[in-house]
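One letter stands for each residue in the lines below.
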Amino acid sequence: MLLQNVPPALLVRFLREHRSEWADYGAAANSTSALQINNFGILDTHGDVCISQVLQQPIHAVEDDEFLELIKLEGREEGSTLPRDIFLLQLCSGLEENTAGASAQMVFAPIDISIPDDVPLLPSGFRAIPLDNCLLDAGSPSRTLDLASTLDVGSTNGKYANNAVFHLRSVLTLAFQFSFHSHMQESATTMSRQYVRNVVSTVQRLAMALAPSRLSPHMGSSRQMPGTPEGVNYARWICRSYKCKLGIDLVSVDGERSDEYLKAVWQCYDAIMCCSCKSMPVFTFANQAGLEMLETSSVTLQELSWEKTLDENAKKSLCSVFSQVMQQGYACLSAGVRLSSMGRVASYERAVAWKVLDDDDNMRGVAFIYVNWSFI
């Protein structure tokens, strides 16, 4: 899988710390249970969110950035015929981001006291290898490798000084091994292919969500930036909550002044908006791109009906999106559309929703960022 503008260390570290993001698939888990395949916890064996726990301090190898750890996965569903607690021996390297151009990997294998010492382990995992990283002129076209020409890799631009754009490209290799009984080979093959497809799809969405948002070098001033204390606070809360939930910056900010957050959010190319958490959400904030997407203004934003800006598919998935945000703090959304106040359809390539907390960790709403949007 080709990655753009996502450092290998960042992605692999995120996969390590958020295992349930890519290992929680009810369909694959049900298939595994029916097949009685000993997958040793590579899948979420109980069809629920798996809990990973580091049982001991990592053992560092000769290399400073390489360590070995023992992971315990805990299932939740009662009555399962598969082991409830699963143990993985996991080797990680290159997660510190202290060496430019370094690769990163996370390799894990199931272990069990009942398995003889002479039985080889079945490792699986991820390895991200950088291809190049360079500064290009802002007007230079980015090139995509042939091997990933069919991938939707999302935004590729990040704001740097002197109108330069930083392009970081790397390749992520995914490998999984499954054990099964010989008479179940066909069923095991079908299950494993479906599982790997799900993992690839999820990792691709995560990589796009982790890519830095683009900043416009010259945004117009068709809508005035809100200078109210409420607008300033929301911009700061939105940025800090994004950093807390996803581990990266939403926008680049010079200093910690609240008005700097508002300026950076306001000038972001992508549409950012925030709503309250009610039975029917109410708009509370939007940046300039968000107001343009909704074809409204800061003054009339709260008068705009949230439901009016959703198509039928978005209305059906609204509850599940909010539920996921409440449970894990954020949700990655695939391509879709939103409707403006004038009824125009605006499409976007991807979106991320996340929980917004204020300085006292009180819930203030849910924020959304819509990447690469345009009117159809």
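Residues numbered from 1 in each chain as written. Predicted model: local features only at pLDDT ≥ 70, side-chain atom pairs only at ≥ 80, totals over all residues. Heavy atoms only, no water.

1. Re the sheet that holds strand S13 (residues 345-348)
Pairing within the open sheet is antiparallel, and its 3 strands lie in the order S12-S13-S16. With partners counted over all chains shown, the strands left at the sheet margins are strand S12 (336-339) and strand S16 (374-375), one partner each. As defined by bridge partners, S13 adjoins S16 across 2 bridges and the pair is classed as antiparallel. The residue bridging serine 347 from the neighbouring strand is serine 374, located in S16. (Pairing = 2+ DSSP bridges. Helix = DSSP H or I, 4+ residues; strand = E, 2+ residues; numbered from the N terminus.)

2. What about the packing of helix H1 (residues 8-17) against helix H4 (residues 185-210)?
Packing of H1 against H4 leaves a shortest axis separation of 11 Å and a crossing angle of 125°. Between H1 and H4, the interaxial angle falls into the category oblique. Both H1 and H4 take part in a crossing whose hand is right-handed. Touching Leu10, Leu11, Phe14 and Leu15 of H1 are Val203, Leu206, Ala207 and Leu210, all from H4. (Axes fitted to C-alpha atoms, helices over the stretch in contact; angles between N-to-C directions. Parallel < 35°, antiparallel > 145°, perpendicular 65-115°, else oblique. Left-handed = near helix turned anticlockwise from the far one by under 90°. Contact = heavy atoms within 4.5 Å.)

3. Thoughts on the pairing of S12
Pairing analysis gives 4 bridges linking S12 to S13, with the strands arranged antiparallel. Bridge pairing in S13 links leucine 339 to valine 345. Counting the residues that bridge the hairpin from S12 to S13 gives 5 residues, and of these glycine 343 lies at a positive phi of roughly 90°.

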